[in-house]
Amino acid sequence: MSALKLKKGSTSHSAYNLRPTFSDVVEKHTLAVLVENEPGVLARVIGLFSGRGYNIESLTVAEVDHQGHLSRITIVTAGTPQVIEQIKAQLGRIVSVHEVHDLTVEGPSVERELAMFKVSGKGDKRVEALRLADIFRANVVDSTLETFVFEITGAPEKIDAFADLMRPLGLTEVARTGVAALPRGD
Amino acid sequence: MVVQALIDQGVDTVFGYPGGAVLPIYDEVFQQNSIKHILVRHEQGAVHAAEGYARATGKPGVCLVTSGPGATNAVTGLTDALMDSIPIIVLTGQVPTFMIGSDAFQEADTVGITRPCTKHNWLVKETDKLSDVLHEAFHVSTSGRPGPVLVDIPKDVQFATGSYSAPKPSTSHYQPQVKGDMEAITELVAAIETAKRPVFYTGGGVVNSGPGASQLLRELVDATGFPITSTLMGLGCYPASGDRWLGMLGMHGLYEANMAMHGCDLMINIGARFDDRITGRIDAFSPKSKKAHIDIDPSSINKVIKADIPIVGDVGHVLEDILKVWKSRGRKTNSEAVAKWWSQIDEWKTVDCLKFEQKGKVIKPQYALERLEALTKDHDRYICTEVGQHQMWAAQYLGFEDPNRWMTSGGLGTMGYGFPASIGVQMGHPDALVINVAGEASWLMNMQELGTAMQFNLPVKQFILNNERLGMVRQWQELLHGERYSHSWSESLPDFVKLAEAFGAKGIICSDPDDLDDAIMEMINHDGPVLFDCLVEKHENCFPMIPSGKAHNEMLLGEAETQGVIDAKGSVLV
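Presented here is a report on the structure given in the accompanying data block. (Residues numbered from 1 in each chain as written. Chains lettered and ligands numbered in written order. Predicted model: local features only at pLDDT ≥ 70, side-chain atom pairs only at ≥ 80, totals over all residues. Heavy atoms only, no water.)

Moving on, we get to the pattern of salt bridges. All names here are of chain B. On inspection of all chains with the given rule, the structure shows 32 salt bridges over all chains. Across the pair Lys361 and Asp514 runs a salt bridge whose closest N-O atoms are separated by 3.0 Å. Taken together, the residues span a long stretch of sequence, with Lys361 in the loop between helix 15 (335–349) and helix 16 (365–376) and Asp514 in the loop between strand 17 (506–510) and helix 23 (516–525) at a distance of 153 residues. One salt bridge connects Glu540 with Lys364, and the closest N-O pair in it is separated by 2.9 Å. One end of the pair, Glu540, is in the loop between strand 18 (530–535) and helix 24 (568–571); the other, Lys364, is in the loop between helix 15 and helix 16, and 176 residues separate them in sequence. Judged by its relative accessible area of 13%, Glu540 is buried. Residue Lys364 is classed as buried on the basis of its relative accessible area, which comes to 18%. (Salt bridge = Lys/Arg side-chain N within 4 Å of Asp/Glu carboxyl O. Helix = DSSP H or I, 4+ residues; strand = E, 2+ residues; numbered from the N terminus. Buried < 20%, exposed > 50% of the residue type's maximum accessible area, 1.4 Å probe, protein only.)

This part takes up the interface of chain A and chain B. Note: interface size is frequently given as the accessible area lost on complex formation between the parts. Across the contact, 23 residues belong to chain A and 25 residues belong to chain B. Interface of chain A and chain B: buried area, both sides summed, is about 2100 Å²; carbon and sulfur atoms make up 52% of it. The shortest N-O distance in the salt bridge between Asp297(B) and Arg93(A) comes to 2.9 Å. Between chain A and chain B we count 9 residue pairs in polar contact (both at pLDDT 80 or more) in total. (Contact = heavy atoms within 4.5 Å. Buried area = accessible area lost by both parts, 1.4 Å probe. Polar contact = N/O pair within 3.5 Å; in protein donor to acceptor, adjacent residues only side chain to side chain.)

Residue and element names in this part refer to chain B. With the rule as written, the count across this model stands at 2 cavities of 30 Å³ or more. By volume, the second largest cavity is sized at about 50 Å³. Lining the second largest cavity, in full, are Val2, Val3, Leu6, Val14, Ile25, Val29, Gln32, Ile35, His37 and Leu64. Listed by contribution, the elements that provide at least two residues to the lining of the second largest cavity are helix 1 (2–8) and helix 2 (23–30). Considering every element that reaches the lining of the second largest cavity, the biggest residue donor is helix 1, with 3 residues. The residue inventory of the lining of the second largest cavity, partitioned by class, reads 8 nonpolar, 2 polar and no charged. (1 Å grid on protein atoms, 1.4 Å probe; cavity = no way out; pocket = protein on both sides within 12 Å on 5 of 7 lines; lining within 4 Å. Points joined across faces, edges and corners; volume = space filled by probe spheres on them. Nonpolar A, V, L, I, M, F, W, Y, C, P; charged D, E, K, R; others polar.)

Residues and elements named next belong to chain B. Residue Phe543 is joined to Pro544 through a cis peptide bond whose omega torsion reads -5°. Mapped onto the fold, Pro544 is located in the loop between strand 18 and helix 24. The backbone phi angle of Asn404 is positive, close to 65°, even though this residue is not glycine. Along the polypeptide, Asn404 turns up in the loop between helix 17 (389–397) and strand 14 (406–407). Judged by its relative accessible area of 15%, Asn404 falls in the buried class. One non-glycine residue, Ser492, lies in positive phi territory at about 55°. Tracing the backbone through its elements, the reader meets Ser492 in the loop between helix 21 (471–480) and helix 22 (496–503). You can call Ser492 exposed: its relative accessible area is 75%.

Let us look at helix 1 (residues 41–51) of chain A. Along helix 1 of chain A, the residues classified as buried are Val41(A), Arg44(A), Val45(A), Leu48(A) and Phe49(A). Along the long axis of helix 1 of chain A, the arc covered by the buried residues comes to 130°, so they all point the same way. Of the exposed residues in helix 1 of chain A, those oriented more than 90 degrees away from the buried face are Ser50(A) and Gly51(A). At its buried positions, helix 1 of chain A is contacted by strand 1 (27–36), strand 3 (70–79) and helix 2 (81–92) of chain A together with strand 5 (120–123) of chain B. (Arc of directions from axis to C-beta.)

Keep in mind these numbers describe shape, not what the thing actually does.
Shown next, in the form of structure tokens:
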């Protein structure tokens, strides 16, 4: 149960428990959307966000239950509480959507993202990049005499911080997976 | 297989237009007699006709069109049905599966194009899955908040043989909740018991919930004695002749209805969605009231207006529970305060906001509708409209005693909706008097359907209020754009009588108020489609009106009040 007394699987909850304050504060929320794994389902979800003018800060999608034909879409979005409630309700009415979970309000959750950074440089900068990568527990997955490709996993903030450090050291390319998230405990 | 699925779903009428990619299904249609196929003249007409049929009968409407242009022509109708929550099933042909993506002749990405304008859609690539998808399409379209669905069927899938399964109760995960939360219902009953200035605000959700919901609504309204107003979409759920009826509310709603909404202390929204035509300025919308909102779609709640008592559920089920709880708690209301509230409302009623003066030799549109009402109200009558001033006047001056009698494009505001819709209504009710109240500009948008009406002997009456203007556009230009009437007049209009005769229909023209009654009677008594060209006052404006960006208590009642009423902020609104 969440702070808003949302039952799990908010597609079936009663809106009676749903009383957002109409505040102007923009909040960032991580939503986990379980969808039927069928052609076009991602387009339905993304089309909803673009059609109604909502933000997508990050989005990941993959099949999570082959037998049950279920995929999990993890969306990080930002908006006022009213907009967030609308996003959840609008997602919930897509016929292919089974469940919508707001991990930000449904109790504590863990978020992880994987990223790869290509850093090119020589001499001191190259040594410094390697040293910092070690501190951040990033792995070297490819190396040439002038480049490294680092692989790093962590919360998005940690990856942002690593990117900031690598930039003056010759960061040339970045690939990020977007956030995957699960609630903690039961 | 497609035709078998439709028969098993109880379909008796299909509106459609053949083409290359849908020929195998048309071949099946040819070889059976259970389903009537109505050949329209344009696919947009097919979808609007299906909407009219659905709205008037309570059953889903079905369309059959071809790939490419057939599907893209259906898009306006699909969007219209989505906005007004009308259950329709559109079947489209598609190029064969092995040609999809090759820019084949008459290929379009139909499921891609229609994804945002349907409740759900399917592309069926395996014949074995076809029957299940068709049955599921009916389930999705009619369950929960109704809406349009589309099934795209490639031509090779139509040709192939596969196993057919008969309809069975849907086992899919899509099962919307219909029962309301009892805790919330009890809270609403408590509010009903103590309210001093209550008002019921009802909408199309009551119609969609079925005739039983309207009965329950009438029982609740009459038992509590609370005033009731309705949106454009909900007209007829409570009878216009009923004691508690305030008339329509909103931008062109009645003074007493809007003032009651503004001044109430308890607003009970039943199956309406706080549309912008209703609310006017949001921050000044009914500032002192507690708001209950009953809606089957959770996303409607708190979308525009914060609900103090939100109830997700089907209107019929929730009303039943409200009545049960209210009766079990002793049928209490604050009758003394409500009586006082009524005396205030009666005072507002004396403003008589719909008054007009018919003088001279030019027919006022209001007068034309008043006479139409007087001469047709005792008939088994169904009314459709196009979109614009005539639509608002029809809502104001015609009285609706029952639900499903009033078919109009509310959400999307589709000019060209009414004529094909009237054809669909007449198919559902062959012996009824079906009238489409139209403007000349809207009517011309789908005039080709006169051929359909003639071919199938559908005696639809097209009552055209002809002011040779795009009247609502003209009104806005007058109020908002310094009377610069940019492209809002209709030039080179056809002679509607000759046009009717060219199709073999009857045409009537009337320009003199003294001839109006006889002309209307002639229209009613003619057994066949009639094009009634009613020449009306060209510069009449539609009042009352809440100008853009204003509140309910800032209504304009007539010409004298219109100078400089819309400020810069309001002028960007539509």
